[in-house]
Amino acid sequence: NAPPVATKAVLTFLGPFGFRLITILFIISTIGTLHTEMLVIPRISYAMARDGLFFSPFGRLSKRTRVPVFAVCFKVFLACLLACSGTFDQLTTLLIFALWIFYGMTASSVFVLRRKMNNAPQPYRMIGYPVVPFFFVLTAVWLVVNTLLTNPLESMFGLMLILPGVPLYYYFRARRHQSRT
């Protein structure tokens, strides 16, 4: 197997020492990303549970540490299952695919919110609106479609992990609405 283009480029321009330095920097970056993911994702399920949009155990905080321990443990369990299910490249493709779906939806929500709530206070200004978010959404769509075409197995697996969330969301939303009336 030939080394990846990035490996050849780093070795050519920076030599073996530069290659080791870049590798260490990538490892540090990866650890930082994993750390952030382990802090953020459980907090999302915690907030959803507190709003009545997810299972109630996810909405509990440890009295001592104020950490959503159940949500963190569940996230670790899922991560272990995924880590045992495929190669690093497959998992990376699956994760990036899923993230870009949500990045695109989040960016497109700017258009919806600005239209629905145009009189609401806007405490920040988006540079280049509407051109910049439009191209961001376009890029997200392109990346998702490209991944669907080039990696259909990982894409379908990613969709199978995401899609059960849709009926769950509507179930919890209806349940929350019933409890308020």
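Residues numbered from 1 in each chain as written. Predicted model: local features only at pLDDT ≥ 70, side-chain atom pairs only at ≥ 80, totals over all residues. Heavy atoms only, no water.

What follows deals with the state of the cysteines. The full count for this structure, using the stated rule, is 0 disulfides. Cysteine Cys73 is unpaired, with the sulfur of Cys80 as its nearest cysteine sulfur at 11 Å. The structure places no disulfide on Cys84, whose sulfur is separated from the nearest cysteine sulfur, that of Cys80, by 6.7 Å. Residue classification places Cys84 among the exposed residues on the basis of a relative accessible area of 73%. (Disulfide = S-S within 2.5 Å. Buried < 20%, exposed > 50% of the residue type's maximum accessible area, 1.4 Å probe, protein only.)

A cluster of nonpolar residues, Phe17, Leu21, Ile24, Leu25 and Ile28, forms a patch on the protein surface that exposes about 530 Å² of accessible area. Inspection of the secondary structure puts Leu25 in helix 1 (residues 5-50). Leu25 sits in the partly exposed class, given a relative accessible area of 48%. (Patch = residues over 30% accessible without salt bridge, like charges linked within 9 Å, V, L, I, M, F, W, Y side chains within 5 Å. Areas by Shrake-Rupley, 256 points an atom, 1.4 Å probe, with all protein chains shown as cover. Salt bridge = Lys/Arg side-chain N within 4 Å of Asp/Glu carboxyl O. Helix = DSSP H or I, 4+ residues; strand = E, 2+ residues; numbered from the N terminus.)

What follows is about unusual backbone geometry. Omega for the bond connecting Tyr129 with Pro130 falls within 30 degrees of zero, at 5°, which places this linkage in the cis form. Relative to the elements of secondary structure, Pro130 occurs in the loop between helix 3 (88-116) and helix 4 (131-150). Here the phi dihedral of Arg66 falls at roughly 60°; this positive angle occurs in a residue that is not glycine. Among the structural elements, Arg66 can be located in the loop between helix 1 and helix 2 (69-85).

Overall, the coordinates contain 13 aromatic pairs when judged by the stated rule. Between Arg43 and the ring centre of Tyr46, over which it is positioned, the NZ or CZ distance is 5.6 Å. Its end group placed over the ring of Tyr129, Arg114 keeps NZ or CZ at 4.3 Å from the ring centre. (Phe/Tyr/Trp six-rings, centres within 6.5 Å; stacked < 30°, edge-to-face > 60°. Lys NZ or Arg CZ within 6 Å of the ring centre and 35° of its normal.)

Below, the discussion takes up helix 4. With 20 residues, helix 4 should reach 28 Å at 1.5 Å per residue; the first-to-last C-alpha distance of 28 Å fits that figure. All of the buried residues in helix 4 are Pro133, Val137, Ala140, Val144 and Thr147. Along the axis of helix 4, the buried positions cluster into a sector of 95°, meaning they face one direction only. In helix 4, the exposed residues that point more than 90 degrees away from the buried face are Trp142 and Leu149. Tucked inside the fold, the buried residues of helix 4 contact helix 3 and helix 5 (152-162). (Expected span 1.5 Å × (residues − 1). Arc of directions from axis to C-beta. Contact = heavy atoms within 4.5 Å.)

Right, let's get into the packing of helix 3 against helix 4. At a minimum axis distance of 9 Å, the contact between helix 3 and helix 4 shows a crossing angle of 150°. Put simply, helix 3 runs roughly antiparallel to helix 4. Between helix 3 and helix 4 the crossing geometry is left-handed. On helix 4, the residues that touch Thr93, Phe97, Trp100, Ile101, Tyr103, Gly104, Ala107, Ser108 and Phe111 of helix 3 are Pro133, Phe134, Phe136, Val137, Ala140, Leu143, Val144, Thr147 and Leu148. (Axes fitted to C-alpha atoms, helices over the stretch in contact; angles between N-to-C directions. Parallel < 35°, antiparallel > 145°, perpendicular 65-115°, else oblique. Left-handed = near helix turned anticlockwise from the far one by under 90°.)

Bringing helix 1 into the picture now. For helix 1, with 46 residues, the first-to-last C-alpha span of 47 Å runs short of the 68 Å given by 1.5 Å per residue. Regarding helix 1, the residues found buried are Val10, Gly15, Gly18, Pro42, Ser45, Tyr46 and Ala49. Following helix 1 by one or two positions, Gly52 has its phi on the positive side, about 80°.

Let's shift gears to the side chain of Ser155. Tracing the backbone shows Ser155 in helix 5. In terms of polar contacts, Ser155 uses its side chain to reach the backbone carbonyl oxygen of Thr147, at 2.9 Å. Ignoring sequence-local partners within four residues, the contact set of Ser155 consists of Phe97, Thr147 and Leu148. (Polar contact = N/O pair within 3.5 Å; in protein donor to acceptor, adjacent residues only side chain to side chain.)

Further remarks concern a positive patch on the surface. Taken together, the side chains of Arg43, Arg50, Lys63 and Arg66 make up a positively charged region of the molecular surface. Assignment of secondary structure puts Lys63 in the loop between helix 1 and helix 2. Given the relative accessible area of 80%, Lys63 is considered exposed. (Lys, Arg positive; Asp, Glu negative; His and termini not counted. Charge placed at Lys NZ, Arg CZ, Asp CG, Glu CD.)

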